[in-house]
Amino acid sequence: MAAPPLVGLRVLEMGSRVMAPYVGKLFADAGADVCKLESPAGDPFRRWSASGAVIPEGPAGAASPWFSYLNGGKRSEVVDLASPAGRDRLLDLMADVDLVLDDHDPADAVALGVDAVALRAAHPSVVVATLTRFGATGPWADRPANDFTLQALLGSTELRGVPGEEPVSVGGDLGDFVGAAMAAPAVLAVTLAARASGQGAHVDASQYEAMAHCFQIHRQMFEVFDPGNRATRSIMIPSIEPAADGMVGLCCVTGQQWQDFCAMIGAPDLGEDDQLGDFIGRMGRRHEMWERIHAYTRTQTVDDLVELASAFRIPVGPVGTADALVAYDHLVEREVFRTQPGGHLAPRPAYRFSESVLEPPRPAPALGAGGSAPAAAPSEQVEVPCLGDDPKRPLAGIRILDLSTFWAGPVATNLLRVLGADLVKVESHVRLDGMRWASGLRRPLLWEWSPGYHGANVGKTVATVDLTTEQGMEVLARLVDEADVVFENFSPRVTENWGVTWDWIHQRNPRAVFLRAPAYGLDGPWRDRGGFAMTMEQVGGLANRTGHPDGPRLVPMGPVDYLAAMHSAFAVQLALLDRERTGLGQLVEMPLLEAALQASAEQVVEWSAHGNLLGPMGNRSPSASPQGLYPTAVADQWLAVSVETDAQWQALSAVVGGALSGLDRHGDVDALDGVIGGWSARLDGPEAADLLWRAGVPAAFCQHPGDVLHSPQLEARGFHHWKDHPATGRTPYPAFPFHVDGTHLPLGDPAPTLGQHTEEVLASVGFTGAEVAAMVEAGVSGDWPVGIPRD
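Along each chain, residue indices are assigned from 1 in the same order as the chain's sequence is written. Selection of residues for local features in this predicted model requires a pLDDT of at least 70, selection of side-chain atom pairs for listing and counting requires 80 or more, and totals for whole chains, interfaces and linings are taken over all residues. With hydrogens and water excluded, all non-hydrogen atoms of the structure serve as input to the side-chain values.

Chemist: So what exactly am I meant to see when it comes to the overall build of the chain here?
Modeler: Comment: elements are numbered from the N terminus, with helices defined as DSSP H or I runs of at least four residues and strands as E runs of at least two. Across its full length, the chain holds 31 helices and 25 strands. Taken over the C-alpha trace, the chain has a radius of gyration of 25 Å; the compact-globule value for 791 residues is 28 Å, and the two agree within 12%. Along the three orthogonal principal directions, the C-alpha set of the chain runs to about 75 × 65 × 50 Å. Each residue is placed in one exposure class: buried if its accessible area under a 1.4 Å probe, protein chains only, is under 20% of its type's maximum, exposed if it is over 50%, and partly exposed if it falls in between. Looking at the chain as a whole, 62% of its 791 residues are labelled buried. In the structure as shown, the chain presents an accessible area of about 27,200 Å², 51% of it carried by carbon and sulfur atoms. Here the globule rule is a power law, 2.2 Å times the number of residues to the power 0.38, and the radius of gyration is based on C-alpha atoms. Only the protein chains shown count as covering a residue, and every accessible area follows the Shrake-Rupley method with a 1.4 Å probe.

Chemist: Looking at this model, I keep getting lost on the pairing of strand β13 (residues 399-402). Mind explaining?
Modeler: It is a general feature of regular strands that their side chains alternate between the two faces of the sheet. Strands qualify as paired when DSSP identifies two bridges or more between them. Two elements, β13 and strand β14 (residues 422-427), share 4 bridges in a ladder whose sense is parallel. Residue pairing across strands places Arg399 opposite Asp422, the latter belonging to β14. A crossover counts as right-handed when, viewed with the strands pointing away from the observer, the path leading from the first strand over the helix to the second turns clockwise. Since β13 and β14 lie parallel, the crossover through helix α17 (residues 408-418) that links them has a hand, and here it is right-handed. In the sheet, β13 pairs with strand β16 (residues 485-488) via 3 bridges, with the strands oriented parallel. When the bridges of β16 are listed, Asp402 appears paired with Phe487.

Chemist: What's the story with α17 in this structure? I'm lost.
Modeler: An α-helical turn contains 3.6 residues, so a residue and the one three or four places further along point in the same direction. Here α17 lies mainly inside the structure; 11 of its 11 residues are buried. All of the buried residues in α17 are Ala408, Gly409, Pro410, Val411, Ala412, Thr413, Asn414, Leu415, Leu416, Arg417 and Val418. Positive backbone phi, approximately 120°, marks Gly420, located one or two places after α17.

Chemist: Teacher, can you tell me more about the nonpolar core here?
Modeler: Across soluble globular proteins, you tend to see nonpolar side chains buried next to one another. By size, the foremost hydrophobic cluster in this structure holds 158 residues, and its most contacted members are Leu6, Phe27, Trp66, Phe570, Phe736 and Phe738. Examining the composition of this core, we find that 15 residues originate from one element, helix α7 (residues 174-197), more than from any other. For Phe27, the residues in contact, after removing those within four places along its chain, are Leu6, Leu9, Val11, Ala32, Val34, Leu99, Ala184, Val187, Leu188 and Phe570. Each nonpolar core is a collection of buried residues, namely Ala, Val, Leu, Ile, Met, Phe, Trp, Tyr and Cys, held together in the definition by side-chain atoms within 4.5 Å. Counting 30 residues, the second-largest nonpolar core is a separate cluster that includes Val426, Leu476, Leu479 and Val486. We call two residues in contact when some of their heavy atoms are within 4.5 Å.

Chemist: Sorry if this is basic, but what is going on with the layout of surface pockets here?
Modeler: Rolling a probe over the atoms, with the probe sized like a water molecule, indicates the empty space that remains. As a volume, the second largest pocket reaches approximately 1,300 Å³. Cavity and pocket criteria rest on a 1 Å grid covering protein atoms alone: a 1.4 Å probe that fits but cannot get out defines a cavity, protein on both sides within 12 Å along at least 5 of 7 lines defines an open pocket, and an atom within 4 Å of a point defines a lining residue. Ser16, Arg17, Pro44, Asp103 and Asp105 are the residues nearest the centre of the second largest pocket, which is lined by 46 residues in total. Put simply, the parts of the chain that give the lining of the second largest pocket at least two residues each are β2 (33-38), α4 (106-112) and β5 (127-132). The leading source of residues in the lining of the second largest pocket is α4, at 4 residues. By the convention adopted, Pro, Cys, Tyr, Trp, Phe, Met, Ile, Leu, Val and Ala count as nonpolar, Lys, Arg, Asp and Glu as charged, and the other residues, Gly among them, as polar. Here the lining of the second largest pocket is built from residues that sort into 21 nonpolar, 11 polar and 14 charged. Grid points are joined across faces, edges and corners, and a volume is the space filled by probe spheres set on the points.

Chemist: Please clarify how the environment of Asn612 should be interpreted in this entry.
Modeler: Position of Asn612 among the secondary structure elements: in the loop between α25 (601-610) and β19 (627-631). Along the chain, Asn612 and Gln703 lie 91 residues apart, while their C-alpha atoms are 35 Å from each other. With residues up to four places along the chain from it excluded, the contact list for Asn612 reads Ser51, Ala53, Glu606 and Trp607. Only 2.9 Å separates the side chain of Asn612 from the side chain of Ser51, close enough to count as a polar contact. Side-chain atoms alone can form a polar contact between residues adjacent in sequence; in general such a contact is a pair of N or O atoms within 3.5 Å, and within protein one must be able to donate a hydrogen while the other accepts it.

Chemist: Could you clarify how one ought to interpret the packing of aromatic side chains in this entry?
Modeler: Aromatic rings considered in pairs are described by the distance between their centres and by the relative angle of their planes. The pairing test for Phe, Tyr and Trp rings, Trp by its six-membered ring, is centres within 6.5 Å, and the orientation test on the planes gives stacked under 30 degrees, edge-to-face over 60, and tilted for anything in between. For the coordinates displayed, the defined rule picks out 19 aromatic pairs. Ring centres 5.2 Å apart and planes at 70° place the aromatic pair Tyr22 and Phe177 in the edge-to-face group. Remark: Phe177 occurs in helix α7 and Tyr22 occurs in helix α1 (residues 19-29); sequence separation between them is 155 residues. Exposure class is identical for Tyr22 and Phe177. Each is buried. Ring centres of Trp66 and Tyr69 lie 5.1 Å apart, and the angle between their planes is 15°; this geometry places the pair in the stacked category.

Chemist: Can you walk me through the side chain of Ser568 in this structure?
Modeler: Residue placement: Ser568 occurs in helix α23 (residues 559-582). In this structure, Ser568 is in contact with Ala412, Phe487, Leu515 and Met590, ignoring residues within four places of it in sequence.

Chemist: Can you walk me through the pattern of salt bridges in this structure?
Modeler: Two side chains of opposite charge can pair, provided their charged atoms sit close to one another. For this analysis, a salt bridge means a side-chain nitrogen from Lys or Arg found within 4 Å of a carboxyl oxygen belonging to Asp or Glu. For the structure on display, the rule yields 51 salt bridges. Between Asp98 and Arg10 there is a salt bridge; the shortest N-O distance is 3.3 Å. Note that Asp98 is positioned in the loop between α3 (84-94) and β4 (99-102) and Arg10 in strand β1 (residues 10-14), a separation of 88 residues in sequence. Taking the relative accessible area as the measure of exposure, Asp98 reaches 8% and is therefore buried. Measuring nitrogen to oxygen at the nearest pair gives 4.0 Å for the salt bridge that ties Glu359 to Arg362. What makes Arg362 buried here is its relative accessible area of 10%. Sharing partners across several salt bridges, the network here consists of Arg334, Arg348, Arg352, Asp523, Glu589 and Glu594.

Chemist: What exactly am I supposed to notice about empty space enclosed by the protein here?
Modeler: Following the criterion strictly, the structure yields 6 cavities of 30 Å³ or more and no others. Roughly 270 Å³ of volume is contained in the largest cavity. Around the largest cavity sit 26 residues that line it, and Gly172, Asp173, Arg620, Ser621 and Gln627 are the ones nearest its centre. Its residues placed into classes, the lining of the largest cavity shows 7 nonpolar, 10 polar and 9 charged. Lining the second largest cavity are 13 residues, and of these Lys25, Asp29, Gln340, Pro361 and Arg362 lie nearest its centre. Elements represented by at least two residues in the lining of the second largest cavity include exactly α1 and α2 (65-71). Its residues assigned to classes, the lining of the second largest cavity shows 5 nonpolar, 3 polar and 5 charged.

Chemist: Teacher, can you tell me more about the side chain of Arg665 here?
Modeler: By the secondary structure assignment, Arg665 is in the loop between α26 (646-656) and α27 (669-680). Here the side chain of Arg665 touches Val643 through a polar contact of 3.4 Å, landing on its backbone oxygen. Polar side-chain contacts of Arg665 include one of 3.2 Å to the side chain of Asp646. In this view, Arg665 contacts Ser625, Pro626, Val643, Glu644, Thr645, Asp646, Trp649 and Leu672; residues no more than four positions away in its chain are not counted.

Chemist: Can you walk me through the pairing of strand β6 (residues 201-206) in this structure?
Modeler: The buried fraction of β6 is high, at 6 of 6 residues. The two faces of β6 match: Ala201, Val203 and Ala205 on one face and His202, Asp204 and Ser206 on the other face are all buried. Direction of pairing for β5 relative to β6: parallel, over a ladder of 6 bridges. Bridging from a neighbouring strand, Ala129 pairs with Val203 of β6. Pairing of β6 with strand β24 (residues 738-740) involves 3 bridges; the strand directions are antiparallel. Bridging from a neighbouring strand, Asp204 pairs with His739 of β24.

Chemist: Would you explain the environment of Ala688 in this entry?
Modeler: The topology assignment puts Ala688 in helix α28 (residues 685-695). Looking at Ala688, the relative accessible area reads 0%, which means it is buried. When the C-alpha atoms of Ala688 and Arg46 are compared, they prove to be 34 Å apart, with 642 residues separating the residues in sequence. Discounting chain neighbours no more than four positions away, the residues touching Ala688 are Leu639, Trp679 and Leu683.

Chemist: Could you clarify how one ought to interpret the confidence of the model for the chain in this entry?
Modeler: Reading predicted coordinates in detail is not appropriate for stretches of low pLDDT. The predictor attaches a confidence to each residue, and that confidence, scored 0 to 100, is pLDDT. Across the chain, pLDDT averages 95, with 98% of residues at or above 70. Low pLDDT, under 50, characterises residues 371-379; the predicted model gives this stretch 20 contacts beyond four residues in sequence or across chains.

In structure tokens form, the structure reads like this:
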């Protein structure tokens, strides 16, 4: 391809920090002309350094390395939105754009006259995408919040750590990246449809809803499936463990992995103990577990442990820090980190294409300057291909063949389906999608009770076919012939052993896009290693920001799957756009690890630019002070408070009282914690949180994730779609975290039962009823897991 896929698309960005700028970065990297609107003082993030490095004022103004990573390749225009002339200038600029990205709080947007209603009234053909903490509607739309307090509201913080001790939030603004990533594919699809139809739309993205998907793993569904059995605070065992020369990351999700791990460390008796078969049992005997595990791991080097655990097919890897990440042989060989115009390092975009090209690293614009020109200027009126023309079903007519398993792949394909694509999921009744077993429940038809499977596969059409058989591959071949996109996320050797390769797919269907999403990529020394999201959080640096400074590093437990899913859904659309230009499909590679590296990029940027290594800060933050978890009147219940601005500090002082007067909010952090903790300890957590946030202070009670089902904000926005499932009954399914013109997009039917649509799918590609019955008789297809007796 001569030019990136989004050349000709025009974007205005009104945003700071991470969320809107990262969405703008995805568009800019793909060739869109992104113009960043800044106040006369400039985006305050221009001077941001998480390590406290001083950012000099250069000839072109300040532009910190982290700001440059998020804003490279964009243009900048100064617009004072507080003045009538500034608002008029914004409306003038909108006449020539396709998309506006805006992260103003809803009340501030209305006060400035730049809310979605006002902007769309002036320019009905433009898409306005608002990226806010709670969404533009609902009782909490204007509630002050940030990544830290959202984690508390969602129950993520409450479950991370040891019962009776202060829990731990995830560090590094991971929720901001999740919010951006889960908005970007929908924003792109709706914008392309609006450009084709001339009918604009409002995409109202909610970070709270985005984090509700992946910061607590469908605990609302667990609450319905097994009421009263509430998860408790815990640490995954094994996870990040000491080795002779550092730390190693391990992950035993399945029973087989735990038994193999016990054999590996010379403790087969632990693997035979039924009480230790899951995380809860191991957490209950954590001191015994750690003693036995560390007795072995401390005698081995990290490299030896990685090699041995890999031989057992246990997900494993070194624990990533910035200096280690840039030296990993796998990432070096794959040239993942690139030198930026400022001389520091940063990861390349998460996806790679066999044909499409992306923009190279470019500098951030000086304040008010044009910045780097896109590959084609807007004045050239480059034609942007059309994938669909209905903003509420922008991918209608696209056909997805979903071979994916567990979480990242199924979520990606399901978003494409919810955006209008037709989808068929092929699953094996011999070796089920592993997420079907991931519930921890004890029920008949257990494979129909996994909240993770339900959440990732709601609405899908599913056929069961054993792809290790000749007849199974014939079914797959016919489905490939009709697909626009084929999607898989196994270890490379798995699909290649089936014979499902890029060459095979391209020969059968030259127009098909084949997206592969293995853990580590399709080449490099780690190519054949497996790994879950927690493995990527360990290896990719995210765990390095999570934990108390003097305690173990902890894993976020799942958000990386959603990061990979959303980058995959974005990349698929880029490949489809280029197919409209060339007539040919292509291979797209989206490694799970490289999605994690986008969210941990700040660590590499700070280290390579300033020589500073970022690490865990417990519940404190470089961007807020005071920030922490504070005791309440109920033992082991906690209040999250985070003060980012002087106005919030004044509001906190007014509520807490005079004991804060005379203290410096940045310098006297220990004293501040004592005063705030003394105040909060006299109150119930919900009461204290309510007093603070209504006064303008970001605050939240650290509630249990099961209680999120009853969130007034989620109820007001219709987030949970209740459906009747044949096995689980009335089940709440979370919508994707955005409204299009006032409502969530429909999810369709409840999650499919095993093999529910096999006959329908096989008939659609020419198999007769007799042929399907013969396949069932031969064991090629079925609606019951092989090896489990029918009642």
